[in-house]
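Observations on chain architecture
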Amino acid sequence: MKEVTLVLEAGRAEQHYWRDLWRYRDLFLILAWRDVAVRYKQTFIGVAWAVLRPFLTMIVFTVVFGRLAKLPTDGNAPYALLVFAGMLPWTLFSSALTGAADSMLASSQLVGKVYFPRMIIPVATVVTALIDFVISLSILAAVMAWYRFAPGWQILLLPAFVILALVASIGPGLWISALNMKYRDFRYLLPFLVQIGLYVCPVGFSSSVIPAEYRLLYSINPMVGIIDGFRWSILGGASPLYLPGFALSLAVVVFFLWLGVSRFRATEKSFADLI
Amino acid sequence: MPDVVIRAEGLGKRYLIGHLANRERYSALRDTIARGARAFARKTGDLLHGRPIIQGDEIEEIWALRDLDFEIRRGELVGIIGRNGAGKSTLLKILSRITEPSVGRVQISGRVASLLEVGTGFHLELSGRENIFLNGAILGMSRAEIRRKFDEIVAFAEVEKFLDTPVKRYSSGMYVRLAFAVAAHLEPEILIIDEVLAVGDAEFQKKCLGRMSEVARGGRTVLFVSHNMGAVQALCSRGILLSAGRLLAEGSVSSIVESYLAGGSHSVRSHEAPKRELSDSLNLEKLLLELNPAAIGGEVTFAIEFTSTESLRVTDLSILIYSELGVRVAIVDLRMASSTHRVSPIEPLKISGQILDLPLVEGTYSIGLFIACGELRGDFHELTTLEVIRPTSGSELAPYASRDRGFLDLRSKFHVG
């Protein structure tokens, strides 16, 4: 191994941070694997939890928004499918965000005893959310088969939107996980925000019900663009993509990623003193 | 290649701690509200400036380390010695990059691996095999490296039969052996070790010491912190003595151990352990040994009290007795065969008992505790001391000096012819 001289000094930025991050990729994989491996240990129905929760929410939302409130669907898509296409990215985003935000505190034992680029921890927890997502894709297939609804070519772009949802959760996730170390208030605030977010984001309804003049404003919420993207991709042409809004959401995602990474990097070194 | 692998210049680490101002025994509601309002105003200020929130009314600055200058050369085995609170752990944390210094700088050449605790990151639900990979990765090994050394690690830990059992079913001995085995197969250029030898049985400790000197012979630099002066002397060639965050002396290990011991006898020691936090929830309220000083062959009464903010089971508890050199002389095992000790917010855990016919040679012994309680599992050193003195005897012979008589005062008889 090549000899590197390392200088430790107050307030000095790590010179080799990104290279270190790459060197510790094995740790990233193994932490992600650990989280997945122990997630459903000692539970009765195990992985079924990943399927059950979004499925039940879908039924409730379809009844409340589709049947009772009689909100319109997109094109000819069944309402349940519209809801589920919104539930998927929302569940992915919210569980990745909560996981990442709690992760630093949960690993304080590790942080106090060994060095590694701390960013590995919150990013590794995101993998768990991704695995749950992949499992719940099977329900999507089942619901689509039930309604005999065939997706268009747009479905091929789904992976791109999945990556986008993950990136959208990593930014705020990093930021909140760093804040959580200093101010434990965020532990109580975040579940509340996520709960509200479920109704603020177009999960149970189509974003086309938003009056046209407010639609761009609504897209400041990055999840609006991502959920619209998922619907466009899954429902095919039935749910056209509102491009200016999507671009705005994308910009907000990038901004939060920058904010999260830079705030995390700035406070990372004092984590061990805050435990 | 540079000969100096670690160079510290003016190194210091400052912590801010908060404490409660002296409060009157009975405070009026008005005072409480005023204090609460002041604290809230301060917290708001901290939040706005992005500073961490510190509990308490007054904030004090303490220097865990101050003005440290030293150099460590390639292939050196350096023991870092000092009493509790001298700053040893803080120094190791800075060198292992866990925390950053407040002032000064350190220059390190080469890959560092640190072992501040055995079994860091072990997950109880995972099997031994899985934990080897997990722990190895946490300590900085690549998967290929772990795979290459896997058999060696397993053989060293002697856990072949239980590789696929979750480690929560392991005995504490197996757990520690496995944890150390992974760590012992690290191959960094600089190895930093904190007190890990205080685990396992004597044979395993010997094996660990052997493994460490093997590592050192391979031309690596080793920094070693321990309370066990015997182990430090056996392993290290140079020593650094810290006291209250400052470097008191450095030089050959024997001279450093000597000044450590000399310093010890002058410092004031209390016989009652001060209240101490053992974990987030568990507190040691009292650890009292009486009579203290005790007489050789006499009886020592002990009393221990724990309080806790949550309901806990204390599965293992022992009083540890160390010699001045930090060698473990004896323990008092306080486990119960039929049940476990319990402690809860309403009911503190109080244990009292006697050590009968104290067989120790006169001198000062350091008293610690070994506790296993949920997540917490480990030794707590230098909680109090036990002074043993020789009662005036009717014997006509003057006794040999205590340092020549080992640890135990044996009762024996003999006849001639």
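Residues numbered from 1 in each chain as written. Chains lettered and ligands numbered in written order. Predicted model: local features only at pLDDT ≥ 70, side-chain atom pairs only at ≥ 80, totals over all residues.

1. Brief notes about the overall build of chain A
The helix and strand inventory of chain A stands at twelve helices and one strand. The helix and strand sequence of chain A, counted from the amino end, reads β-α-α-α-α-α-α-α-α-α-α-α-α. For 275 residues, the compact-globule estimate of 2.2 N^0.38 gives 19 Å, and chain A sits close to it at 20 Å. C-alpha extents for chain A along the principal axes are approximately 65 × 45 × 40 Å. Taken across its 275 residues, chain A has 43% of its residues classed as buried. Pairs at least 24 apart in sequence give 81% of the contacts found in chain A among residues at least 6 apart. (Helix = DSSP H or I, 4+ residues; strand = E, 2+ residues; numbered from the N terminus. Rg over C-alpha atoms; globule rule 2.2 N^0.38 Å. Buried ≥ 20, exposed ≤ 12 C-beta atoms within 10 Å, placed from the backbone. Contact = placed C-beta atoms within 7 Å.)

2. A few points about the overall build of chain B
Across its full length, chain B holds eight helices and 20 strands. Considering chain B as a whole, with its 417 residues, one finds that 36% of them fall into the buried category. Taking the intrachain contacts of chain B between residues at least 6 apart in sequence as the baseline, contacts between residues at least 24 apart amount to 71%.

3. Remarks on the nonpolar core
Within the largest apolar cluster, 143 residues are counted, with the highest numbers of intra-cluster contacts made by Ile-120 of chain A together with Phe-224 of chain B. Counting 27 residues, the second-largest nonpolar core is a separate cluster that includes Phe-306, Val-314, Val-361 and Tyr-365 of chain B. (Core = buried A, V, L, I, M, F, W, Y, C linked by C-beta atoms within 7 Å.)

4. So, the interface of chain B and chain A
Across the contact, 37 residues belong to chain B and 26 residues belong to chain A. Listing elements by their share of the side of chain B that touches chain A, those giving two or more residues are α2 (88–95), β4 (103–109) and α3 (128–138) of chain B. For the side of chain B that touches chain A, the per-class residue count stands at 18 nonpolar, eleven polar and eight charged. (Nonpolar A, V, L, I, M, F, W, Y, C, P; charged D, E, K, R; others polar.)

5. Regarding the sheet that holds strand β12 (residues 294–295) of chain B
Residue and element names in this part refer to chain B. Sheet architecture is open: five strands sit in the order β12-β20-β19-β15-β16, paired in mixed fashion. The two strands at the open ends of the sheet, each matched to only one other strand, are β12 and β16 (328–333). Where strand β15 (residues 316–322) meets β16, five bridges bridge the pair, whose relative direction is antiparallel. From the neighbouring strand, Leu-320 faces β16, where its bridge partner is Ile-331. (Pairing = 2+ DSSP bridges.)

6. What about the packing of helix α7 (residues 158–182) of chain A against helix α10 (residues 222–235) of chain A?
Residues and elements named next belong to chain A. Remark: α7 packs on α10, axes separated minimally by 9 Å, with the N-to-C direction vectors making an angle of 160°. By the criterion of interaxial angle, the relationship of α7 to α10 is roughly antiparallel. Two packed elements cross with a definite hand, and for α7 against α10 that hand is left-handed. Contact residues: α7 offers Leu-158, Phe-161, Leu-164, Ala-165 and Ala-168, while α10 offers Pro-222, Met-223, Ile-226, Gly-229, Phe-230, Ser-233 and Ile-234. (Axes fitted to C-alpha atoms, helices over the stretch in contact; angles between N-to-C directions. Parallel < 35°, antiparallel > 145°, perpendicular 65-115°, else oblique. Left-handed = near helix turned anticlockwise from the far one by under 90°.)

7. What to know about the environment of Ile-351 of chain B
Residue position: Ile-351 of chain B is located in strand β18 (residues 349–355). Between the C-alpha atom of Ile-351 of chain B and that of Leu-287 of chain B, which follows or precedes it by 64 residues, the distance is 9.6 Å.

8. A short note on unusual backbone geometry
A positive phi angle, near 50°, is found at Arg-148 of chain A, a position not held by glycine. Checked against the element boundaries, Arg-148 of chain A lands in the loop between α6 (120–146) and α7. Despite not being glycine, Asp-67 of chain B shows a phi value in the positive range, around 50°. For Asp-67 of chain B, the location among the structural elements is in strand β2 (residues 58–73).

9. Brief notes about the pairing of strand β9 (residues 246–252) of chain B
Residues and elements named next belong to chain B. Taken together, the six bridges between strand β8 (residues 238–243) and β9 define a ladder with antiparallel strand orientation. Residue pairing for β9: Gly-239 is matched across the bridge by Gly-251. Between β8 and β9, which pair antiparallel in sequence order, lie two residues; one of them, Ala-244, sits at a positive phi of approximately 50°.

10. Focus on helix α2 (residues 25–39) of chain A
Between its first and last C-alpha atoms α2 of chain A spans 21 Å; for 15 residues at 1.5 Å apiece the expected length is 21 Å, and the two agree. Within the sequence span of α2 of chain A, burial applies to Leu-27, Phe-28, Ile-30, Leu-31, Arg-34 and Asp-35 of chain A. Looking at the buried positions of α2 of chain A, the neighbouring elements they touch are α6 of chain A together with α3 of chain B. (Expected span 1.5 Å × (residues − 1).)

11. Brief notes about the environment of Leu-124 of chain B
All names here are of chain B. By the secondary structure assignment, Leu-124 is in the loop between β5 (112–115) and α3. The class of Leu-124 is partly exposed, set by 13 C-beta atoms lying within 10 Å. Residues Leu-124 and Thr-364, 240 residues apart in the sequence, show an inter-C-alpha distance of 39 Å. In this structure Leu-124 touches Pro-166, Val-167 and Lys-168, once residues within four positions along its chain are discounted.

12. Some details on the sheet that holds strand β3 (residues 77–81) of chain B
All names here are of chain B. Overall, mixed pairing links the six strands, which are arranged β5-β6-β7-β3-β8-β9 in an open sheet. Two strands lie at the open edges of the sheet, namely β5 and β9, each paired on one side alone. The average undirected angle you get between the axes of adjacent strands in this sheet is 15°. Of the pairings in the sheet, the one linking β5 to strand β6 (residues 190–194) comprises four bridges and is parallel in character. The residue bridging Ser-114 from the neighbouring strand is Ile-192, located in β6.

13. A few points about helix α11 (residues 243–267) of chain A
All names here are of chain A. The terminal C-alpha atoms of α11, which comprises 25 residues, lie 36 Å apart, in line with the 36 Å expected from a rise of 1.5 Å per residue. Among the residues making up α11, those that are buried are Gly-245, Leu-248, Ser-249, Val-253, Phe-256, Gly-260, Phe-264 and Thr-267. The inward-facing, buried residues of α11 abut α7, α9 (215–218), α10 and α12 (271–274).

14. Description of the environment of Leu-261 of chain B
In this structure, Leu-261 of chain B sits in helix α8 (residues 253–266). Accessibility expressed as a C-beta count within 10 Å gives 15 for Leu-261 of chain B, which makes it partly exposed.

15. Overview of the packing of α3 of chain B against helix α5 (residues 172–184) of chain B
Residue and element names in this part refer to chain B. Relative to each other, α3 and α5 sit at 40°, their axes nearing to 10 Å. Judged on the interaxial angle alone, α5 and α3 are oblique. The way α3 lies across α5 gives a crossing that is right-handed. Where α3 abuts α5, its residues Gly-128, Ile-132, Asn-135 and Gly-136 lie against Leu-178, Ala-179 and Val-182. Its residues assigned to classes, the contact of α3 with α5 shows four nonpolar, three polar and no charged.

16. With respect to the confidence of the model for chain B
Detailed conclusions should not be drawn from predicted coordinates in areas where pLDDT is low. All names here are of chain B. The share of residues in chain B with pLDDT of 70 or more is 89%, and the mean pLDDT across the chain is 81. When pLDDT is averaged over each helix and strand of chain B, the minimum, 71, is found for α8 and the maximum, 92, for β15. Overall, residues 265–270 carries pLDDT values under 50, and its contacts beyond four positions in sequence, including any with other chains, amount to two contacts. Across the assembled chains, the prediction reports ipTM 0.81 with pTM 0.74. (pLDDT = per-residue confidence, 0-100.)

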